[in-house]
Structure formats: C-alpha cells, structure tokens
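# Notes for the structure review
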Amino acid sequence: IPAVTSPCKILKCNSEFWAATSGSHHLGAEEAPEFCTALRAYAHCTRRTARTCRGDLAYHSAVHGIDDLMVQHNCSKDGPTSQPRLRTLPPGDSQERSDSPEICHYEKSFHKHSAAPNYTHCGLFGDPHLRTFTDTFQTCKVQGAWPLIDNNYLNVQVTNTPVLPGSSATATSKLTIIFKSFQECVDQKVYQAEMDELPAAFVDGSKNGGDKHGANSLKITEKVSGQHIEIQAKYIGTTIVVRQVGRYLTFAVRMPEEVVNAVEDRDSQGLYLCLRGCPVNQQIDFQTIRSAQATEGRARRKGPSLPAPPEAFTYETATAKCREKLPVEDLYFQSCVFDLLTTGDVNFMLAAYYAFEDVKMLHSNKDKLHLYERTRVLTPGNTAPMETHPTLWVALLCLCWLCLL
C-alpha cells in the first residue's frame, strides 16, 4: 500500500546541505568559497521544490536562513553549485558557550523562587494514543494537522494520516516544532520530521540555538541515526524526544508546569491536545472495541469462520505479542493490543514500548508511570473527558443520600 507522503522535499534539501557542511572544526576564511558553493546548491534545491512547498513553514524558514547565511559569508548568488568536499559546521554550532547567561538555564534560575519547578509529561504514539500533561490517556482519530503544544515559547504540530485505506486508524506522519526567539538565549528555530526523514538538525542545518550568547541552551542530539533524536531546551527546562518507529513518528516531552501554562490568553487559546486532550468527537473508546474483539475471538474458536490473513493478529496473538515488551497490563499494553488488531503492524508494539520507556525517563512522578482504566466524566464544552476516581463517586452518592434524608 503506497504511503501518504508530502511532495515538498525541503527535508531532503536540508539534509544534503547538512551532510555537505557538517563537521567538528570552525569555518575558516579560506573555506568560505566552498561554503558558498554549498549554500548555492542548497538554494537551488529549495527552488526546485518551491512549487510543492507553498505554505510549508520549514520551507520558508530554510529560504530565509539561506539568505541570511549568504549575507554573513559574502556569498554571491551566482557561481558553482556542485557539492563541496568540505565538512564544517554553520556559524554558531562549533563553539561551546560555557558562560551562557543564567536566564538561559531554567533550573539554575530557581534559587530566586520559593519552590522547585513541577514537571509534567505529554506523549503521542501509535494509532495515535495521547497522554496529556494531566495524565489523561486517550485514543483519538485526529486525522490531518493538529496542535500538540501552543504556548509563549514553542509550538508543536503533528499531522496524522490513515494507516490503511478506509480505516479510521491514523498515525503521525509529520511533526513540526517551532522554538520561538527568547531574549539573549536562542534565535527562532524550526525542527521538522516526517516519515523516513528524522533529521538531526533544525531546518536551517544548525544543531543549536543560533548566534546568541546562550545558543547552547537549545541543542539537538542524535541518539540513533534515523530513529531517535533528543532536543534539550534548557532555557525553558524542556526535553523533547522524537522517534521513528517503523514508518511513523512518536513524540514525548518533559516540561515545567510554568511553561505549559505560559499563554497570553488561556481562555481563547483554542485546542491544544497535550493540555486539553482530543475533542470528544475525535476520541475512540478502544477499551469497548477491545472487549468486542476478545468476544469475537472466543466465538471464532467455537464455530467455523473464514481464516484470517497471515499478517493479521487475533486477540490472543496480539496480547501474547504485546506481553513480550509490556508485561504490565496497563493502558500502554492495551494500546499495543488495539494497534496490532487494527493495523496488523508489529511496529506499533514497539511504538507503545518506546513510548513507555520515554515516560520512565521523562515523567517526574514515578508512581504515575502506569495508567489503568478509570471512571471518566465529561467536562463542559468541547474538551476531553477528565478522569474521576471511583471513591469520589462513592462520596458523592453518600452526600446525595444524606441530602435526601
């Protein structure tokens, strides 16, 4: 089945430029002509894909970045565009700034505060399954582009596409993260990944926050080539993990509550999945579907039915497969079973496994790593259900009974 991919090839242009100019030494004056050659090749690549990149944020950011680098290095727009053999970093990435201002290190600045920061976690993986900053767990449709995070410091947007034609099962095929310019710490930086493209650099080819004094308070580290990157944004105390598992992407973040809630007008902010959850009409009750699938599996054993295709999972084989990586039958385990039944793709088991590994690394409360089924009630408006502990219901019923007396 052909995958749904964007015709915009800006990530290819970015990676080619990065491959041509990456290295560990600083750019010398004698190397400027070859760097200019790489820039012209980069510009030529962006022009070739311009028609299919209209409206693509990463494309427009790259174009502006090329113009800025051309001016910085006195490069002529006319000249050779063959890829040079030179491997050197763009300006700003080759220097470690150990004297970054204190304002560019969120945790170090907390001696001025009365309490240490409280960290929260949000994750998105699989079909897709969402764990919000308030530890609400949902399975959603959310096909197309949706905002995950939207605050004063950064924006995160995901694009989800159908896994199979005609199926409501979707998975994340594209991710865009915008780090906004912040005081003397970082310039605005854009990171973009999509299926089969997990760069280890921002769209302008850099790996840190730019030319400002605290640029290294924002850094990208490649953990596993093409599969796992980590972004540290120390100036806002934030860690982001992006993975490609199979063909699709997973996202996980650790962020202080203060940053989570840093918005100009929270009431009119609109949807923001990591904070508010998926809209009710976009949620899937996978636990009900899971029960129906288990019942269907038992009925199949009692009577004749058409044989399943070789790549399909039954409820029993899906649970057995998920137990290999997720021995605790929590919501991550149940998500794994659901995804194997709906997609037949074993990579979704790995997505659930790595999502839980990221929770173990990023969640500040180790008692809340596992989530289980809870009673849910709907809140007013187009927001996600909030979870209520059963003992609260008992207390409310007792209170109502006393009122009747």
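All of these numbers come straight from a predicted model, not from anything done at the bench.

Before going further, it helps to spend a moment on the packing of aromatic side chains. All chains considered together, the criterion is met by 11 aromatic pairs. Between Phe 17 and Tyr 42, the ring centres sit 4.6 Å apart and the planes meet at 10 degrees, which makes this aromatic pair stacked. Here Phe 17, found in helix H1 (residues 10-21), pairs with Tyr 42, found in helix H2 (residues 32-48); they are 25 residues apart in sequence, far enough to count as distant. In this pair, the class of Phe 17 matches that of Tyr 42, namely buried. Taking the centre distance of 5.9 Å and the plane angle of 40 degrees together, the rings of Tyr 248 and Phe 348 count as tilted. Of this pair, Tyr 248 sits in strand S11 (residues 248-256) while Phe 348 sits in helix H9 (residues 347-362), placing them 100 residues apart in sequence. Judged on exposure class, the residue Tyr 248 and its partner Phe 348 are both buried.

Right, let's talk about the sheet that holds strand S2 (residues 129-131) for a bit. Pairing is antiparallel across the open sheet formed by eight strands, whose spatial order is S8-S9-S10-S11-S1-S2-S3-S12. In the strand order of this sheet, the two ends are held by strand S8 (218-224) and strand S12 (283-284), each with one partner. Note: strand S10 (residues 238-245) against S11, seven bridges, orientation antiparallel. Considered in S11, the bridge of Arg 243 is made with Thr 250. Packing against the sheet, H9 makes contact with strand S1 (119-125), S2, strand S9 (228-233), S10 and S11, and its axis sits at approximately 165 degrees to S10.

Turning our eyes to something else, we now look at the side chain of Asp 135. Within the secondary structure, Asp 135 is located in the loop between S2 and strand S3 (137-140). Separated by 3.0 Å, the side chains of Asp 135 and Arg 131 make a polar contact.

Moving on to the pairing of strand S5 (residues 154-162). Summarising the sheet, strand S4 (residues 144-150) and S5 pair through six bridges and their orientation is antiparallel. Following the sheet pairing, Asp 150 is matched in S5 by Asn 155. Linking two consecutive strands that pair antiparallel, namely S4 and S5, is a turn of three residues. Sheet topology places S5 next to strand S6 (residues 170-179); nine bridges connect them, and they run antiparallel. Residue pairing across strands places Thr 161 opposite Ala 171, the latter belonging to S6.

This next bit is on the sheet that holds strand S7 (residues 189-194). One key point about sheets: their strands pair by backbone hydrogen bonds, in either a parallel or an antiparallel sense. One open sheet holds the four strands; their spatial order is S4-S5-S6-S7, and the pairing between them is antiparallel. At either margin of the open sheet sits one strand with a lone partner, and together these are S4 and S7. Across the sheet, the mean angle from the axis of one strand to that of its neighbour is 20 degrees, orientation sign disregarded.

Of all the nine residues making up S11, eight are buried; the element is thus mostly covered by neighbouring parts of the structure. The sheet contact formed by S1 and S11 spans six bridges and is antiparallel. By the bridge assignment, Gly 123 is partnered in S11 with Ala 252. Taking the residues that link successive antiparallel strands as the turn, the S10-S11 hairpin has two residues, and the phi of Gly 246 there is positive, at about 70 degrees.

Parameters at a glance
- Residues numbered from 1 in each chain as written.
- Predicted model: local features only at pLDDT ≥ 70, side-chain atom pairs only at ≥ 80, totals over all residues.
- Heavy atoms only, no water.
- Phe/Tyr/Trp six-rings, centres within 6.5 Å; stacked < 30°, edge-to-face > 60°.
- Helix = DSSP H or I, 4+ residues; strand = E, 2+ residues; numbered from the N terminus.
- Buried < 20%, exposed > 50% of the residue type's maximum accessible area, 1.4 Å probe, protein only.
- Pairing = 2+ DSSP bridges.
- Contact = heavy atoms within 4.5 Å.
- Axes fitted to C-alpha atoms, helices over the stretch in contact; angles between N-to-C directions.
- Polar contact = N/O pair within 3.5 Å; in protein donor to acceptor, adjacent residues only side chain to side chain.

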